[in-house]
Amino acid sequence: MGFVAGEVVAPGDPRVVLEGQWGHQPGLAITVNSGSRISFTVNGTAVQVLFDVDGLTIPPQLWVSVDEAEPELHVLENPLIELTAERAGQHKVEIVVKDVNEHANRWNPPFGCAVVFAGLVLDAETRLRLSGRPGGPRLEFYGDSITQGVRALSAHPESEGADGSKSYAYLTARALGASAYQVGFGSQGVLKPGNGEVPPGPDSFGWNFAGSPAERVEQPDVVVLNLGVNDQTLTAAQYGDYLARVRAAYRDSKIVALSPFSGKHASEIEAAVKSARDPRIRYVSTDGWITTDDCTDDVHPSVDGHAKIAARLTEELKADLAD
């Protein structure tokens, strides 16, 4: 017996939980960030997950898991993912964006690579359940290819080597039971534009992508900044301007400025934090957290390298979240 369509569910339905930085258009939810998530709970056996893949030049990659089973990789070349369960009953589905390719245009619509979620189609015997919004603290991470998870799996420069769910940002949020916005753009700096037509960090901050402002219902508890390694030069004043941009958007949030894991521009970033004279902005030195042995190349942490960073950062942020 084939799939008999029942309810059609829009991406903005409150029974569908979107985590991460998503822009919304009529009938669509769009993310250009690895580590973003879609989750929902159904009662039944079959559901179709719909995407718009028209015009994409490089397909994004997704991890799909049902009932916390080992995730399956889906390279999103087709607009439909069909999910079925062997038994009727309640099932939780989680879809994690493994990678939105850093080299394709993912900033200026129409995109070369993006996850464009178009909703769900339930079979006639399946119902979507209200699963509740994420609890816990709210974190936001802003960084470059390392935050994106580029080359975490291997030194392969394309999506094969990348995995946003292995990034230190994703792991830290999970360890703290937090909901998170994980925003990482390969090659981006404070001054340097990123790959894929992405502008520099201060100019992309506050936007899902070009023309789509990032709207926050609540301010984050902590904002983690990890930019600078891609900048050839960077002064304390220039980094201070970036801090001021973030502070203007989030008046009450704590801001944690990490030194790049390579140590590049660490003194300038530390000086900028001191100059801000803001007790809710603090500098965290990552010196010694990893070495080149923890990288798949000289810069990008491996899976184990990201896990080491996440363990250190989790302990650092516990203090911020306890206050």
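These lines cover the structure that appears in this document, whether it is placed above or below. Note that residues are indexed from 1 along each chain, following the sequence as it is written. Given that this is a predicted model, residues contribute local features only at a pLDDT of at least 70 and side-chain atom pairs are listed and counted only at 80 or more, while totals for whole chains, interfaces and linings are drawn from all residues. Side-chain measures here rest on the full set of heavy atoms in the structure, leaving out hydrogens and waters.

### Points about the overall build of the protein chain
Helix numbers and strand numbers start at the N terminus; a helix is a DSSP run of H or I with at least 4 residues, a strand a run of E with at least 2. When helices and strands are counted, the protein chain shows 6 helices and 19 strands. Compactness check: the protein chain gives a C-alpha radius of gyration of 20 Å against a globular reference of 20 Å for 323 residues, within 12% of the reference. Along the longest, intermediate and shortest principal axes, the C-alpha atoms of the protein chain span 65 × 40 × 40 Å. Looking at the 323 residues of the protein chain, the share that counts as buried comes to 55%. Just to be clear, the radius of gyration here is over C-alpha atoms, and the globule rule we use is 2.2 Å times residues to the power 0.38. The classification of residues rests on relative accessible area computed with a 1.4 Å probe and restricted to protein chains. Under 20% of the type maximum is buried, over 50% is exposed, and intermediate values are partly exposed.

### A few points about helix H5 (residues 266-276)
When H5 is considered as a whole, its buried residues turn out to be Ala266, Ile269, Ala272 and Val273. Across the axial projection of H5, the buried residues extend over an arc of 130 degrees, all falling on one side. Exposed and oriented more than 90 degrees from the buried face of H5 are Ser267, Lys274 and Ser275. Contacts are assigned to residue pairs that have any heavy atoms within 4.5 Å of one another. Buried-residue contacts for H5 involve helix H4 (236-249), strand S18 (254-258) and strand S19 (281-284). The first or second residue beyond H5 is Arg277, which carries a positive phi of 50 degrees. Relevant arc is that of directions from the helix axis to the C-beta atoms, nothing else.

### Here we look at the side chain of Ser39
If you trace the backbone, Ser39 turns up in strand S5 (residues 37-43). Under the relative-accessibility criterion, Ser39 is labelled buried at 15%.

### Considering the packing of H4 against H5
Here an angle of 0 to 180 degrees is reported between the N-to-C directions of two axes, which are lines fitted to C-alpha atoms, with helices fitted over the stretch in contact. The contact between H4 and H5 brings their axes to 8 Å, and the two run at 55 degrees. When the axes of H4 and H5 are compared, the pair comes out oblique. The handedness of the crossing between H4 and H5 comes out as right-handed. Taken together, the residues of H5 that come into contact with H4 (itself represented by Ala236, Tyr239, Gly240 and Leu243) are Glu268, Ile269, Ala271, Ala272 and Val273. The scheme is simple: roughly parallel for angles under 35 degrees, roughly antiparallel for over 145, roughly perpendicular for 65 to 115, oblique for anything else. Left-handed describes a crossing in which the near helix is turned anticlockwise from the far one by less than a right angle; the clockwise case is right-handed.

### A few points about the pattern of salt bridges
Between Lys or Arg on one side and Asp or Glu on the other, a salt bridge is scored when a side-chain nitrogen of the former is within 4 Å of a carboxyl oxygen of the latter. Using the criterion set out here, one finds 15 salt bridges in the structure. The residue Glu19 makes a salt bridge to Arg174 at a minimum N-O spacing of 2.7 Å. One end of the pair, Glu19, is in strand S2 (residues 17-19); the other, Arg174, is in helix H2 (residues 168-175), with 155 residues separating them in the sequence. Relative accessible area serves as the criterion here: at 9%, Glu19 is assigned to the buried category.

### As for H4
What a helix should span is 1.5 Å times the count of its residues minus one. Taking 1.5 Å per residue as the helical rise, H4 with its 14 residues ought to reach 20 Å, and the 20 Å between its terminal C-alpha atoms agrees with that figure. Within H4 the residues assigned to the buried category are Tyr239, Tyr242, Leu243, Val246 and Arg247. Relative to the axis of H4, the buried residues are bounded by an arc of 135 degrees and lie together on one face. Within H4, the exposed residues directed more than 90 degrees away from the buried face are Ala237 and Asp241. Residues of H4 that are buried in the fold lie against strand S13 (138-143), helix H3 (201-204), strand S17 (222-226), S18, H5 and S19.

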